[in-house]
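# Tertiary structure, described
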Amino acid sequence: MNGETLQVFITMVIYMSVVIIIGLYFAKRANESSDNFFLGGRTIGPWVSALSAASSDMSGWLLMGLPGVAYWVGLSDAIWTAIGLAAGTIINWIWVAKRLRRYSEIAGNSITLPEFFSNRFKDTKKILLTLTAVWILVFFVVYASSCFVTVGKLFSTLFNLPYIYMMILGAVFVLFYTALGGFLAETASDTMQASIMILALSMVLIVGTSVAGGLSEVISNAKSIPGFFEFFGIASPTVVDGVQQAQNGVPLFGGAGKYGFYTILSTLAWGLGYFGMPHVLLRFMAMRDEKEAKISATIAGVWVVISLFAAVMIGIIGRALFPTALTTAGAAETVFILTAQTLFNPIFAGLAMAGILAATISSADSYLLIGASAFSKNIYQGLFKQEATDKQVMLMTRIILFTITIIAIIIALDENSVIFTIVSFAWAGLGATFGPVMLFSLFWKRTTREGAFAGMLSGGISVFVWKLLLKPMGGLFGVYELLPAFIISCVVIYAVSKMTREPSSEIQEEFEMARKKI
């Protein structure tokens, strides 16, 4: 390890130490009760709600996956994804946050998503609770693995050490931190990490643009590549065995591909995922006051728009600065790291790298905590041991945290994994499984328990069927799996609810209480 790398390492160690201190600070409060551990006692203010939701949602994908897509195929795929995500964030805060905060308290003071659905529909047999918990475990294991891939790529690129060892080291750190402080530590550190992320993105964007010769030069270079700087076209790298070819130091591209209305609609569908993201919905449930949702919506909206725009532009700038340096789709996801290492002194580079680490930790701790709570609180205590004490539930939570981490590490062993691809599948799974059910639960009184169950089941299954069986066929089936699965789930919820007995008077009274402003 040379002197510059050592300085980067020290900067990141200082950052990680601060994160651990936050975990230790909140450990005592978190261990007072499972309510504090899982939901922070509903004491989260607007700034913490907004920024922790944004940072836990975006993950290392924001600093590696999205710039990587822009570097590899240009503007269109990345910018339409960003537009969909920004719109989804703002709409989710405006439509869902206030109603869910109110309804989760009315519905048996629910502190987890499975518990909310179960209490909302008076599911005494715990069928909805179990199905929700199982789907959360399935998709969050995949999600956590994407975070471990990110941290593995980060450390192996920075320190030239084996990917697998670095990935496992990062996973162990996240596990230790999450088990220590629970939801309070997670949200507090996520707020700090949101600040680090937007600072890192802004630094790299501004300096990168300047070094590349200014914005006009960056755009000129992008326009010289067929389809690279178009909203309705897409670049086509010339590859052999997955490796982009170059001639005389110039990367080779084929003709511009089309990026039509159907593809745009598919990409914008990323925004639908927000309605079913447990780690975001949990922040809504944890707000101390529903009236603060409007403030949080503004904060989250501004943060997301700035961050997404910066991430996309860093990929475009990277192609101007390092046209032939990253020759595979997987390698392209390190464009942020390469730019920061090249342009900054070690201290500022270390701060930028801490941005990736911040994004990864803020997401991974959310995925691990929610996945573990889904089992310990909802399956272990909800089904098998209803008399379990808070201490027993939290012990089981930590055991499940360890188990989920091991499974996610196994999935993340392939260092050639593309972060964007892993995240897109998990995002579709959670969005289509829980998004429609959440919207119908909050806004349609006629929704029945049977309709919710059928919608949740059909949404999750449709993601697998579309991704693995239909999408490879191409054509109309080439659409992002979230869109058709979301639609299928909505149709099924409506149809089954209409065919089954309407909800009891108790359920309808609670719905009206949640609908009316208290």
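Described in the following lines is the structure provided in the data block.

Basis of the calculations
- Residues numbered from 1 in each chain as written.
- Predicted model: local features only at pLDDT ≥ 70, side-chain atom pairs only at ≥ 80, totals over all residues.
- Heavy atoms only, no water.
- Helix = DSSP H or I, 4+ residues; strand = E, 2+ residues; numbered from the N terminus.
- Rg over C-alpha atoms; globule rule 2.2 N^0.38 Å.
- Buried < 20%, exposed > 50% of the residue type's maximum accessible area, 1.4 Å probe, protein only.
- Contact = heavy atoms within 4.5 Å.
- Areas by Shrake-Rupley, 256 points an atom, 1.4 Å probe, with all protein chains shown as cover.
- Lys, Arg positive; Asp, Glu negative; His and termini not counted.
- Charge placed at Lys NZ, Arg CZ, Asp CG, Glu CD.
- Polar contact = N/O pair within 3.5 Å; in protein donor to acceptor, adjacent residues only side chain to side chain.
- Phe/Tyr/Trp six-rings, centres within 6.5 Å; stacked < 30°, edge-to-face > 60°.
- Lys NZ or Arg CZ within 6 Å of the ring centre and 35° of its normal.
- Patch = residues over 30% accessible without salt bridge, like charges linked within 9 Å, V, L, I, M, F, W, Y side chains within 5 Å.
- Salt bridge = Lys/Arg side-chain N within 4 Å of Asp/Glu carboxyl O.
- Axes fitted to C-alpha atoms, helices over the stretch in contact; angles between N-to-C directions.
- Left-handed = near helix turned anticlockwise from the far one by under 90°.
- Nonpolar A, V, L, I, M, F, W, Y, C, P; charged D, E, K, R; others polar.
- Expected span 1.5 Å × (residues − 1).

## As for the overall build of the protein chain
Of regular secondary structure, the protein chain possesses 20 helices and 6 strands. For a compact globule of 518 residues, the expected C-alpha radius of gyration is about 24 Å, and the protein chain comes in at 22 Å, within 12% of that figure. Overall, the C-alpha framework of the protein chain stretches about 75 × 50 × 40 Å when taken along its three principal axes. Within the span of the protein chain, comprising 518 residues, buried residues form 61% of the whole. Put simply, 84% of the contacts in the protein chain that link residues at least 6 apart link residues at least 24 apart. Element-wise, carbon and sulfur atoms account for 67% of the exposed surface of the protein chain, whose accessible area totals about 19,400 Å². When the 33 basic and 29 acidic side-chain charges of the protein chain are each reduced to a single mean position, those positions are 8 Å apart.

## Quick look at the side chain of Gln508
Residue position: Gln508 is located in helix α20 (residues 505-515). Of note is the side chain of Gln508, whose polar atom sits 3.4 Å from the side chain of Glu502. Looking at Gln508, its side chain comes within polar contact range of the main-chain oxygen of Pro503, at 2.9 Å. Other than its neighbours up to four places away in sequence, Gln508 contacts Lys445, Glu502 and Pro503.

## Examining the packing of aromatic side chains
Applying the stated criterion to the full structure yields 23 aromatic pairs. Centre to centre, the rings of Tyr103 and Phe511 are 6.3 Å apart; their planes meet at 70°, and the pair counts as edge-to-face. Placement of the pair is Tyr103 in helix α5 (residues 75-106) and Phe511 in helix α20, with a sequence separation of 408 residues. Phe511 sits in the buried class, given a relative accessible area of 4%. On the basis of an interplanar angle of 50° and a centroid distance of 5.7 Å, the ring pair of Phe116 and Phe117 is categorised as tilted. Following the ring pairs from residue to residue traces out a cluster consisting of Trp61, Trp270, Tyr274, Trp427 and Tyr480. When the ring centre of Phe121 is taken as reference, the NZ or CZ atom of Arg120 above it lies at 4.4 Å.

## Remarks on a nonpolar patch on the surface
A surface patch of nonpolar side chains, amounting to about 740 Å² of accessible area, comprises Ile164, Tyr165, Ile168, Val172, Phe402, Ile406, Ile410 and Leu413. For the nonpolar patch, the secondary structure elements donating two or more residues are α8 (163-211) and α16 (390-411). For the nonpolar patch, the element with the most residues is α8, which contributes 4 residues. Mapped onto the elements of the fold, Ile168 is located in helix α8. With a relative accessible area of 33%, Ile168 lands in the partly exposed category.

## A short note on the packing of α5 against helix α17 (residues 419-443)
Where α5 contacts α17, the two axes come as close as 12 Å, and the packing angle between them is 35°. At the point where α5 passes α17, the crossing takes the left-handed sense. Judged by residue contacts, Thr81, Leu85, Trp95, Val96, Arg99, Leu100 and Tyr103 of α5 engage Phe420, Trp427, Met438, Leu439, Ser441, Leu442 and Phe443 from α17. By residue class, the composition of the contact of α5 with α17 is 11 nonpolar, 2 polar and 1 charged.

## Brief notes about the pattern of salt bridges
Considering all chains together, one arrives at 10 salt bridges under this definition. Glu290 is the partner of Arg102 in a salt bridge, and the nearest nitrogen-oxygen pair spans 2.6 Å. In this pair, Arg102 sits in helix α5 while Glu290 sits in the loop between α11 (278-286) and α12 (293-321), placing the two residues 188 residues apart along the sequence. Overall, Arg102 belongs to the buried group, its relative accessible area being 7%. What makes Glu290 buried here is its relative accessible area of 13%. Glu333 is the salt-bridge partner of Lys153, the closest N and O atoms lying 3.2 Å from each other. With Lys153 in helix α7 (residues 127-159) and Glu333 in the loop between α13 (329-332) and α14 (335-343), this residue pair connects regions lying 180 residues apart in the sequence. No difference in accessibility class separates Lys153 from Glu333, as the two residues are buried.

## Here we look at helix α3 (residues 46-58)
The terminal C-alpha atoms of α3 lie 18 Å apart, and with 13 residues this matches the ideal 18 Å at 1.5 Å per residue to within 8%. Burial of α3 is extensive: 11 of the 13 residues sit out of reach of the surface. Burial in α3 covers these residues: Pro46, Ser49, Ala50, Leu51, Ser52, Ala53, Ala54, Ser55, Ser56, Asp57 and Met58.

## Brief notes about the side chain of Glu292
Counting through the fold element by element, Glu292 comes out in the loop between α11 and α12. Within the local environment of Glu292, its side chain forms a polar contact with the side chain of Arg288, the two groups lying 3.1 Å apart. In contact with Glu292, not counting residues within four places along its chain, are Ile44, Gly45 and Pro46.

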